[in-house]
Amino acid sequence: REDISLLETIAERTWIAIEKLKVDRALRDSEERLRVTFNTTAVGFATLTPDTHFIDVNNAFCQIVGYSREELLAMDYGGLIHPAFGENSNEQVAQLIAEKIPFITIEKIFIRRDGAEIWVQNSISLVRNAEGAPSHLIVICQDVTERKRSEKALLESNQRYQTLVEISPYAIFVRRDDRIIFANHECAKLLGAETADQIIGKSNFEIMHPDYHNVARERMELLRQGQLNVPSLEEKIIRLDGGIVDVEVNASPFIEKGEPAILVTMN
């Protein structure tokens, strides 16, 4: 019985030792995969103390901000943030640590080592230790400066387009699926509406004299096929008050917010 008990004890301890070795090996493999990912990915990674001092950074993060790893490890995360975003960033980290929010995803301006301002998108999460206390922050950083420039250029372009359309002496409307989705002030005026909202949603045929419906259907089919050189058409339109107006109509297909649409001008 003593021999059996001894063998059972040895077997149990051996089994525990083997399982521990497996766990240790899995942990080492996991840490190695994490290290390779951390160091080779094109996305910036950084770990911070709960009070936002750098613990570690990868090469991509250094390239984004223009600082060396050694310089960053002597810095605070807040030293990269443009003053306009500093207070908001501190508040969000405090909420993260207080478990008021699960994670942070925010776009802000970083100031690079050379003084250049760049837009970044940062995702920040908090890691807690076994006791549940804050251990460290993980930051995933992407440079989105070019996207922000494109968005700004597009916004400015849209604003210029909107201004030109509104001050145009021509009546202009956009239709999709044969329904008006946009009209300028001159179009509303031509149709006898007080505001453009009164004609939004109307069918193209609701404002067109019945004598021109067949011709309009033929033109619409050409436009659906993507033909750009559809000749202008002189036709009659019906105002909201029932009055009839002679107009010259030009129509061109284009893509509006990713969907095919038709731009129509009348004078």
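This text gives an overview of the structure that appears in the document. (Residues numbered from 1 in each chain as written. Predicted model: local features only at pLDDT ≥ 70, side-chain atom pairs only at ≥ 80, totals over all residues. Heavy atoms only, no water.)

**Comments concerning the overall build of the protein**
So, step 1. In terms of helices and strands, the protein carries seven helices and 10 strands.
So, step 2. Dimensions of the protein along its principal axes, counting C-alpha atoms only, are 110 × 55 × 35 Å.
So, step 3. When burial is assessed residue by residue, the protein has 31% of its 267 residues classed as buried.
So, step 4. Considering only residue pairs separated by 6 or more positions, the protein has 41% of its internal contacts joining residues 24 or more positions apart.
So, step 5. Total accessible area computed for the protein in this model is approximately 16,900 Å², and 53% of it derives from carbon and sulfur atoms.
So, step 6. Averaging the locations of the 30 positively and 42 negatively charged side chains of the protein gives two centres separated by 2 Å. (Helix = DSSP H or I, 4+ residues; strand = E, 2+ residues; numbered from the N terminus. Buried < 20%, exposed > 50% of the residue type's maximum accessible area, 1.4 Å probe, protein only. Contact = heavy atoms within 4.5 Å. Areas by Shrake-Rupley, 256 points an atom, 1.4 Å probe, with all protein chains shown as cover. Lys, Arg positive; Asp, Glu negative; His and termini not counted. Charge placed at Lys NZ, Arg CZ, Asp CG, Glu CD.)

**Section: the packing of aromatic side chains**
So, step 1. Within this structure, the stated rule accounts for four aromatic pairs.
So, step 2. Ring geometry for Tyr77 and Phe110: centres 5.9 Å apart, planes at 80°, overall edge-to-face. A residue pair is termed long-range when its members are at least 10 positions apart, and Tyr77 in the loop between helix 3 (69-73) and helix 4 (83-97) and Phe110 in strand 3 (residues 104-111) qualify at 33 residues. Take Tyr77 and Phe110: they sit in the same class, and that class is buried.
So, step 3. Measuring from ring centre to ring centre gives 5.6 Å for Phe85 and Trp119, while their planes differ by 80°; the resulting arrangement is edge-to-face. In this pair, Phe85 sits in helix 4 while Trp119 sits in strand 4 (residues 117-128), placing the two residues 34 residues apart along the sequence.
So, step 4. One aromatic cluster is present, built from ring pairs that chain together Phe54, Phe61, Tyr77 and Phe110.
So, step 5. Above the plane of the ring of Phe205 lies Arg217, whose end atom (NZ or CZ) is 4.9 Å from the centre. (Phe/Tyr/Trp six-rings, centres within 6.5 Å; stacked < 30°, edge-to-face > 60°. Lys NZ or Arg CZ within 6 Å of the ring centre and 35° of its normal.)

**Considering the pattern of salt bridges**
So, step 1. The full count for this structure, using the stated rule, is 12 salt bridges.
So, step 2. As a salt-bridge pair, Asp56 and Arg69 come within 2.9 Å of each other at their nearest N and O atoms. Here Asp56 is found in strand 2 (residues 54-57), whereas its partner Arg69 is found in helix 3, with 13 residues between them in sequence.
So, step 3. The closest approach of N and O atoms between Glu206 and Lys202, which form a salt bridge, is 3.9 Å.
So, step 4. Exposure remark for Glu206: the relative accessible area of 42% places this residue in the partly exposed category.
So, step 5. Using a relative accessible area of 22% as the deciding quantity, one classes Lys202 as partly exposed.
So, step 6. Overlapping salt bridges, with partners in common, bring together Glu107, Arg147, Lys148 and Glu151 in one network. (Salt bridge = Lys/Arg side-chain N within 4 Å of Asp/Glu carboxyl O.)

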